[in-house]
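Residue-level structure breakdown
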Amino acid sequence: MPCIRINGEDRTLSGHVDSLAALIAELGLTGKRIAIERNGEIVPRSQHANTPLTEGDALEIVVAVGGG
């Protein structure tokens, strides 16, 4: 089970969370407008399913909030 940092908080992932797409589902963010930075690099939405999570990754996840 990898340990990663999400928005400054250390988290240990369960075994089935092995990609950004799986993490997004685990966090309940599927279908939301989000931006993810992994180790200082923005990950395009098209690459979420193909981007593995590894021990020590640092993620910043931003959720867009609409309003007016």
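These lines cover the structure that appears in this document, whether it is placed above or below. (Residues numbered from 1 in each chain as written. Predicted model: local features only at pLDDT ≥ 70, side-chain atom pairs only at ≥ 80, totals over all residues. Heavy atoms only, no water.)

**Focus on the overall build of the protein**
Looking only at helices and strands, the protein has 1 helix and 5 strands in total. Seen in sequence order, the protein has helices and strands lined up from the N terminus as β-β-α-β-β-β. Expected size for 68 residues packed as a compact globule is a radius of gyration near 11 Å; at 12 Å, the protein falls within 12% of this value. With the C-alpha coordinates aligned to their principal axes, the bounding extent of the protein is approximately 40 × 20 × 20 Å. Taken over 68 residues, the protein has a buried fraction of 29%. Within the protein, counting contacts between residues at least 6 apart in sequence, those at least 24 apart form 52% of the total. Working note: accessible area of the protein is about 4400 Å², and carbon and sulfur atoms make up 50% of it. For the protein, the separation between the mean place of its 6 positive charges and that of its 9 negative charges on side chains is 9 Å. (Helix = DSSP H or I, 4+ residues; strand = E, 2+ residues; numbered from the N terminus. Rg over C-alpha atoms; globule rule 2.2 N^0.38 Å. Buried < 20%, exposed > 50% of the residue type's maximum accessible area, 1.4 Å probe, protein only. Contact = heavy atoms within 4.5 Å. Areas by Shrake-Rupley, 256 points an atom, 1.4 Å probe, with all protein chains shown as cover. Lys, Arg positive; Asp, Glu negative; His and termini not counted. Charge placed at Lys NZ, Arg CZ, Asp CG, Glu CD.)

**A few points about the nonpolar core**
Judged by nonpolar contacts, the single largest core of 15 residues is most densely connected at I4, L23, I36, L53 and L59. Every element with two or more residues in this core is listed here: β1 (3–6), α1 (20–26), β3 (34–38) and β5 (58–63). A total of 4 residues in this core trace back to one element, the largest contributor, which is α1. Once residues within four sequence positions are removed from consideration, L53 is found in contact with I4, L13, V17, D18, S19, L20, L23 and L59. (Core = buried A, V, L, I, M, F, W, Y, C linked by side-chain atoms within 4.5 Å.)

**Concerning the side chain of S19**
Mapped onto the fold, S19 is located in the loop between β2 (9–12) and α1. Side-chain polar atoms of S19 contact the backbone nitrogen of A22, separated by 3.2 Å. Setting aside residues up to four positions removed in sequence, S19 forms contacts with H48, A49, T51, P52 and L53. (Polar contact = N/O pair within 3.5 Å; in protein donor to acceptor, adjacent residues only side chain to side chain.)

**Side note on the pairing of β3**
Summarising the sheet, β3 and β5 pair through 5 bridges and their orientation is antiparallel. Paired with R38 across the two strands is L59, which belongs to β5. Here β3 pairs with strand β4 (residues 41–43) via 3 bridges, running antiparallel. Residue pairing for β4: I36 is matched across the bridge by V43. (Pairing = 2+ DSSP bridges.)

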